[in-house]
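For reference, the chains in residue letters:
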Amino acid sequence: MFATLSAPVRATSLLVLVAGFAFAAGPAGAQQTSQMTGMQLSNDQPIQIQSDKLEIRDQERKAEFTGNVKVVQGTTTMQAGRMVVYYKSGEGSVASGNADIEKIDVFDKVYLRSDKQEATGDTGTFNMVNETMQLKGKKVVLSEGENVFVGCQLNVAMRTGEATLDACGGRVMIQLDPKSRKQTN
């Protein structure tokens, strides 16, 4: 089957993205490892996907969303120029909203936002089998308020929230706002 749909596209339970970017402070270097609390999988909230065009290629087991892709689930939003969803063979299909997703690739200025936290990069991969996320780019930026983390590759284990930010031969940059610290009395 090959289908092309234009205008806003809505799918329920197609994609599982709940991203949060809360980094604990640590020493700067060529690599920074932290916990990303809030990066988790969620199957219990509806999802809305909009794009200028959708092509479903059942024989290739993939769906490609192109042009102004926007994915919203709960308080999480992802935007990109293009998103390709790869799904496993079997009974489910993208059109019915019950496909078993293996991997999602996003391209062309990827933007993720959850609550007060944001991340940007050039490309991203969500491996649903291994429950990992990777965001790459010339400049991958993570921020929460005035706290900013910059590198070129972010790897996140979605099951544990453990995250690594690489500098790809350079240095990781971290800017922390002392006002963002929780006050203890």
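Everything that follows concerns the structure shown earlier in this document.
Attention here is on the structure that accompanies the text.

Reading guide: rules and limits
Residues numbered from 1 in each chain as written. Predicted model: local features only at pLDDT ≥ 70, side-chain atom pairs only at ≥ 80, totals over all residues. Heavy atoms only, no water. Helix = DSSP H or I, 4+ residues; strand = E, 2+ residues; numbered from the N terminus. Buried < 20%, exposed > 50% of the residue type's maximum accessible area, 1.4 Å probe, protein only. Contact = heavy atoms within 4.5 Å. Areas by Shrake-Rupley, 256 points an atom, 1.4 Å probe, with all protein chains shown as cover. Core = buried A, V, L, I, M, F, W, Y, C linked by side-chain atoms within 4.5 Å. Salt bridge = Lys/Arg side-chain N within 4 Å of Asp/Glu carboxyl O. Disulfide = S-S within 2.5 Å.

Some remarks on the overall build of the protein
- A tally of helices and strands in the protein yields 0 helices and 14 strands.
- Across the 185 residues of the protein, 46% fall into the buried class.
- Put simply, 50% of the contacts in the protein that link residues at least 6 apart link residues at least 24 apart.
- Element-wise, carbon and sulfur atoms account for 46% of the exposed surface of the protein, whose accessible area totals about 9900 Å².

Describing the nonpolar core
- F65, M83, I104, V106, F126, M133 and L154 are the most contacted members of the largest nonpolar core, which has 34 residues in total.
- Secondary-structure elements contributing two or more residues to this core are β4 (53–57), β5 (62–73), β6 (76–87), β7 (101–107), β8 (110–114), β11 (132–144), β12 (147–157) and β13 (162–166).

Some remarks on the pattern of salt bridges
- Scanning the entire structure with this criterion turns up 9 salt bridges.
- Where R57 meets E64, a salt bridge forms, and the shortest distance between an N and an O atom there is 3.6 Å. Here the two residues R57 and E64 agree in accessibility, since each one is buried.
- Here K103 makes a salt bridge to D105, at a shortest N to O gap of 3.4 Å.

Some details on the state of the cysteines
- Counted under the stated rule, the structure contains 1 disulfide.
- Covalently, C152 is tied to C168 through a disulfide, its sulfur atoms 1.7 Å apart. Of note, the bridge from C152 to C168 carries an S-S torsion of about 100 degrees and is right-handed in sense. One end of the pair, C152, is in strand β12; the other, C168, is in the loop between β13 and β14 (173–175), with 16 residues separating them in the sequence.
- Since its relative accessible area comes to 10%, C152 is described here as buried.
- The class for C168 is exposed, based on a relative accessible area of 55%.

Interpretation note: all reported values are geometric properties and have no functional meaning in isolation.
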